[in-house]
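Given next are the chains, with one letter for each unit.
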Amino acid sequence: MSDNIQTVTVLSKTTWTPNLFSFTVSRPDSFKFTAGQFVRLGVNPSQLKYYQQTDASDETADIALNEDVFRAYSIVSSPFDEVIEFFSIVIPDGAFTSQLQHLQVGDELLLNTMPFGFLTLARYQKPLPKDLWLLATGTGLAPFLSMLQDLKTWEDYEHIVLAYSARSLDELAYVEKIESLQEDFGTLVDNPARLIFIPIVTREPVEGALSERLPKLLLEGTLQARAGIALDIDTTHVMLCGNPDMVEDTKEALKTLGLVMNRRGEGNIAVENYW
Ligand SMILES: Cc1cc2nc3c(=O)[nH]c(=O)nc-3n(C[C@H](O)[C@H](O)[C@H](O)COP(=O)(O)OP(=O)(O)OC[C@H]3O[C@@H](n4cnc5c(N)ncnc54)[C@H](O)[C@@H]3O)c2cc1C
Ligand SMILES: NC(=O)c1ccc[n+]([C@@H]2O[C@H](COP(=O)([O-])OP(=O)(O)OC[C@H]3O[C@@H](n4cnc5c(N)ncnc54)[C@H](OP(=O)(O)O)[C@@H]3O)[C@@H](O)[C@H]2O)c1
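Owing to the predicted nature of the structure, the values given are computational and were not obtained by experimental measurement.

Looking at this structure, I do not really get the domain arrangement of the chain. What am I missing?
By convention, interface size is frequently given as the accessible area that disappears when the constituent parts associate. Taken domain by domain, the chain consists of domain 1 (5–116) and domain 2 (121–273). One C-alpha centre belongs to domain 1, the other to domain 2, and the line joining them spans 27 Å. Listed by partner, the interface residues are 20 residues for domain 1 and 16 residues for domain 2. Regarding the contact of domain 1 and domain 2, the summed buried area is about 1500 Å², with carbon and sulfur atoms giving 62% of it. Looking at the side of domain 1 facing domain 2, the largest losses of area belong to Trp 16, Val 76 and Phe 87, adding up to 35% of the total buried there. Linking domain 1 to domain 2 there are zero salt bridges. At the junction of domain 1 and domain 2, the tally comes to five residue pairs in polar contact (both at pLDDT 80 or more). Partitioning the side of domain 1 that touches domain 2 into residue classes produces 12 nonpolar, seven polar and one charged.

Below is the structure:
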């Protein structure tokens, strides 16, 4: 096993829908990361209680019981938390999540403690503009929750817009947490940013939520109107995370609006694709 791989224990599990859940694991003492980064998480089916209880003749047991499977996972929790939290989709025939969905408190997972990724606020050169826009679909919300639990984010910007798109209301996870962030973090710093949360639900009407896809909302100006601020090349950092089609289409919409990709610290747009 690589030097970077450590065994961590599942401490809690929250089920949002049959296809979405969150969980926390123990945090190795030496493990450090920056808000927005991801790690590689591994599962060995033989270490999950579900599989230990499964009769070998059961058809689900034909998954190789001793093969570790690793996948990239963004960290939800703050770099200062004692535990590490993750937010996961379940892809019924996915090699990783078809197994991960069965995890229970007390199970063990493998954590590669080398953090990766540049979807972090550290990528932007100073001076910083006043507005930060965080645009997510599905589990792409994860890195933004970590940033929003880091006080520096609240100190560095004047407005933070979080627009989070899910297919249905029940898939819009973490809403209560998002709604408490201003109180929980904004009150801890002088002149905190104002957080503007814009929920988007695309496949059913939901009061208070927008219903179109992000690129359309941007090109029509609906998102800017709801946020009450303009998207401007001089005042804006914007981060995109989640579905690669959303990332591509939204990137193009932002370019049409005059924003540019962030390279070597300069420019507005930073992105992360989940598949
Ligand atoms: C940088 C990075 C960070 C990631 N962070 C997360 C995270 O925090 N939470 C998370 O659930 N996944 C995350 N992923 C995706 C994750 O690595 C796996 O793809 C996911 O766990 C599914 O694994 P699987 O083996 O079951 O299916 P895979 O064989 O990996 O994927 C099969 C298909 O499922 C779909 N899919 C994969 N991941 C997702 C997803 N997250 N949401 C919707 N559809 C998906 C795609 O169509 C993909 O082609 C991340 C990926 C990358 C590259
Ligand atoms: N969600 C489920 O119930 C479910 C169940 C089983 C498996 N899956 C699988 O999981 C994967 C995705 O599931 P998901 O619901 O988490 O993610 P998703 O399909 O990425 O949907 C999340 C949000 O992203 C939006 N979106 C998708 N493409 C976009 C684009 N090009 N531009 C802007 N917004 C876009 C969706 O809008 P739209 O509604 O307009 O697409 C939705 O609001 C798929 O492979 C799916 O088959 C999902």
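Now that the structure has been shown, the text picks up again.
Would you explain the packing of aromatic side chains in this entry?
When we look at a pair of aromatic rings, we describe it by the centre distance and by the angle of the planes. According to the stated counting rule, one finds eight aromatic pairs in the structure shown. Relative to Phe 33, the ring of Phe 31 lies with its centre 5.4 Å away and its plane at 20°, an arrangement referred to as stacked. On the accessibility criterion, Phe 31 (1% relative accessible area) is buried. Classification of Phe 33 as buried rests on a relative accessible area of 9%. Here the aromatic rings of Phe 87 and Tyr 174 are separated by 5.2 Å at their centres, their planes lie at 85°, and the arrangement is edge-to-face. Here Tyr 174 lies in the loop between strand 8 (159–166) and helix 5 (175–186) and Phe 87 lies in strand 5 (residues 83–89), a separation of 87 residues in the sequence. Residue Phe 87 is classed as buried on the basis of its relative accessible area, which comes to 3%.

In this structure, what is going on with helix 5? I would like to understand it.
Every α-helix carries 3.6 residues per turn, so stepping three or four residues along brings you back to the same face. With 12 residues, helix 5 extends 17 Å from end C-alpha to end C-alpha; this agrees with the ideal 16 Å at 1.5 Å per step. Those residues of helix 5 not exposed but buried are Ile 178, Leu 181, Phe 185 and Gly 186. Seen end-on, helix 5 carries its buried residues on one side only, within an arc spanning 80°. Among the exposed residues of helix 5, those pointing more than 90 degrees away from its buried face are Glu 176, Glu 179 and Glu 183.

What am I meant to see in the site of ligand 2 here?
Around ligand 2, a shell composed of 16 residues is seen, among which Ser 165, Thr 202, Arg 203, Arg 213 and Asn 243 lie nearest. At a separation of 2.7 Å, an oxygen atom of ligand 2 approaches a polar side-chain atom of Asn 243. Measuring from a nitrogen atom of ligand 2, one finds a backbone N or O atom of Met 246 at 3.3 Å. Coverage of ligand 2 by the protein chains reaches 76% of its 860 Å² of free accessible surface.

I tried to follow the site of ligand 1 on my own but got confused; where do I start?
With respect to spatial proximity, 18 residues lie near ligand 1, and among them Ala 72, Tyr 73, Phe 87, Thr 97 and Thr 139 are the closest. The backbone of Ile 89 places a nitrogen or oxygen atom 3.0 Å from an oxygen atom of ligand 1. In the environment of ligand 1, a nitrogen atom lies 2.8 Å from a nitrogen or oxygen atom belonging to the side chain of Thr 139. With respect to the detected pockets, ligand 1 is housed in the largest pocket. Put simply, the parts of the chain that give the shell around ligand 1 at least two residues each are strand 4 (69–74), strand 5 and strand 11 (269–273). If one sorts the elements of the shell around ligand 1 by residue count, strand 4 sits on top with four residues.

Conventions we followed
Residues numbered from 1 in each chain as written. Chains lettered and ligands numbered in written order. Predicted model: local features only at pLDDT ≥ 70, side-chain atom pairs only at ≥ 80, totals over all residues. Heavy atoms only, no water. Domains from an automatic or database assignment. Contact = heavy atoms within 4.5 Å. Buried area = accessible area lost by both parts, 1.4 Å probe. Salt bridge = Lys/Arg side-chain N within 4 Å of Asp/Glu carboxyl O. Polar contact = N/O pair within 3.5 Å; in protein donor to acceptor, adjacent residues only side chain to side chain. Nonpolar A, V, L, I, M, F, W, Y, C, P; charged D, E, K, R; others polar. Phe/Tyr/Trp six-rings, centres within 6.5 Å; stacked < 30°, edge-to-face > 60°. Buried < 20%, exposed > 50% of the residue type's maximum accessible area, 1.4 Å probe, protein only. Helix = DSSP H or I, 4+ residues; strand = E, 2+ residues; numbered from the N terminus. Expected span 1.5 Å × (residues − 1). Arc of directions from axis to C-beta. Near = heavy atom within 4 Å. Areas by Shrake-Rupley, 256 points an atom, 1.4 Å probe, with all protein chains shown as cover. 1 Å grid on protein atoms, 1.4 Å probe; cavity = no way out; pocket = protein on both sides within 12 Å on 5 of 7 lines; lining within 4 Å. Sits in = over half its atoms within 2 Å of the grid points.

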